[in-house]
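# Topology and contacts: notes
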Amino acid sequence: MTQVTVREAVIQDISQLKTLMLAYIVDFYQYRQPEDEKLNGLIHHLLEQKDGIQFVAETEDGTLVGFATLYFTFSTLRASKIAVLNDLYVIEAERGQGAAAKLFAACKGYAARHGYANLSWTTAKDNFRAQAFYDKVGGDRSDWLTYSVNPTIGIGD
C-alpha cells in the first residue's frame, strides 16, 4: 500500500496536477479536453486561493496521485459562506487505499477551520463507487436536484 500525504497544491505541482486534471476530465468523465490556456489559467487562479483551493495527494517519491478542488461561494439560505467540493479524483491504481479519504478530510478540515457553514458536492448518478464513498464519510444525500444550462445570448437579454 502506497503512503500518501495530502497538502495544498503549490506552483511546483502544476505539471503533475495538470496531467491529473486532464485524466479526470478526458479519461474519467469522457469530456472534451479544455484549451491549454484555460486549464493553466484555472490552476493558477486556484493557487491564489481567493475563489477556491486545490489539495493534492502525494506519494513518498513526490508523485501526485490525486487532487481535490474546493470552490468558495455563499448560501442565501444559510446567510453564510459555503465551500463546494467540485472535484475529488484519485488515479485508478491508488483507489481504495485511503487517498480519497485523506483528500476529503483535508477539504472538510479546511472548511471547518475557515468558518464555512457547509461543504457540499455532487457526483454523477451512475458513479456508484463515489456514492458509496460519500455515504461512508458521512455525507447526507440532498433532496435538491441539480440543473445546468449553457449560457446563451438571446431574446430577453
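Refer to the structure above for everything that follows.
What counts, and where the lines are drawn
Residues numbered from 1 in each chain as written. Predicted model: local features only at pLDDT ≥ 70, side-chain atom pairs only at ≥ 80, totals over all residues. Heavy atoms only, no water. Helix = DSSP H or I, 4+ residues; strand = E, 2+ residues; numbered from the N terminus. Buried < 20%, exposed > 50% of the residue type's maximum accessible area, 1.4 Å probe, protein only. Patch = residues over 30% accessible without salt bridge, like charges linked within 9 Å, V, L, I, M, F, W, Y side chains within 5 Å. Areas by Shrake-Rupley, 256 points an atom, 1.4 Å probe, with all protein chains shown as cover. Salt bridge = Lys/Arg side-chain N within 4 Å of Asp/Glu carboxyl O. Pairing = 2+ DSSP bridges. Right-handed = clockwise from strand over helix to strand, strands pointing away. Contact = heavy atoms within 4.5 Å. Axes fitted to C-alpha atoms, helices over the stretch in contact; angles between N-to-C directions. Core = buried A, V, L, I, M, F, W, Y, C linked by side-chain atoms within 4.5 Å. Parallel < 35°, antiparallel > 145°, perpendicular 65-115°, else oblique. Left-handed = near helix turned anticlockwise from the far one by under 90°.

## Observations concerning unusual backbone geometry
In the Ramachandran plot, Gln49 falls in the positive-phi region, its phi being about 60 degrees despite a non-glycine side chain. Along the chain, the position of Gln49 falls in the loop between helix 2 (36-47) and strand 2 (52-59). Notably, Ala79 is not glycine yet its phi reads approximately 50 degrees, a positive angle. Tracing the backbone through its elements, the reader meets Ala79 in the loop between strand 3 (64-75) and strand 4 (80-90). The class for Ala79 is exposed, based on a relative accessible area of 69%.

## Brief notes about a nonpolar patch on the surface
A cluster of nonpolar side chains, Phe28, Tyr29 and Tyr31, forms an exposed patch at the surface whose accessible area comes to about 320 Å². With respect to the secondary-structure elements, Phe28 resides in helix 1 (residues 14-28).

## Examining the pairing of strand 4
Pairing geometry for strand 3 and strand 4, over 10 bridges, is antiparallel. What sits directly across from Thr73, in strand 4, is Ile82. As consecutive antiparallel partners, strand 3 and strand 4 are separated by four residues, and within that stretch Ala79 has a phi angle of approximately 50 degrees, a positive value. Relative to strand 5 (residues 119-121), strand 4 is paired through three bridges, and the arrangement is parallel. By the bridge assignment for strand 5, Val84 is matched with Ser120. Tracing the backbone out of strand 4, into helix 3 (residues 99-113) and back to the parallel element strand 5 gives a crossover that is right-handed.

## Side note on the environment of Thr59
With respect to the helices and strands, the residue Thr59 is situated in strand 2. Remark: the alpha-carbon pair of Thr59 and Thr2, spanning 57 residues in sequence, is separated by 6.7 Å. Here Thr59 is in contact with Thr2, Gln3, Val4 and Val65, once residues within four sequence places are set aside.

## Concerning the sheet that holds strand 3
Strand order in the open sheet made by the five strands is 1-2-3-4-5, with mixed pairing throughout. Two strands in the sheet have a free side with no partner beyond their single neighbour: strand 1 (4-8) and strand 5. For this sheet, the mean inter-axis angle between neighbouring strands, taken without regard to orientation, is 25 degrees.

## Details of the nonpolar core
Looking at soluble globular proteins, one finds that nonpolar side chains tend to be buried together. Residues Phe55, Leu70, Leu85 and Leu88 are the most contacted members of the largest nonpolar core, which totals 25 residues. Those elements giving two or more residues to this core turn out to be strand 2, strand 3, strand 4, helix 3 and helix 4 (128-136). Among the elements that line this core, the one with the most residues is helix 3, at eight residues. Discounting chain neighbours no more than four positions away, the residues touching Leu85 are Ala68, Thr69, Leu70, Phe104, Cys107, Leu119, Ser120, Trp121, Thr122 and Tyr134. In terms of nonpolar packing, the next biggest core, distinct from the first, is built from 14 residues, Ile14, Met21, Ile25 and Leu64 among them.

## Describing the packing of helix 1 against helix 2
Packed helix pairs are characterised by how far apart their axes lie and by the angle those axes make with each other. Direction vectors running N to C along helix 1 and helix 2 enclose 120 degrees, while the axes themselves pass 11 Å from each other. Between helix 1 and helix 2, the angle falls in the class oblique. By crossing handedness, the relation of helix 1 to helix 2 is classed as right-handed. On helix 2, the residues touching Ile14, Leu17, Lys18, Met21, Leu22 and Ile25 of helix 1 are Asp36, Leu39, Asn40, Leu42, Ile43, His44 and Leu47.

These figures capture arrangement, not role.
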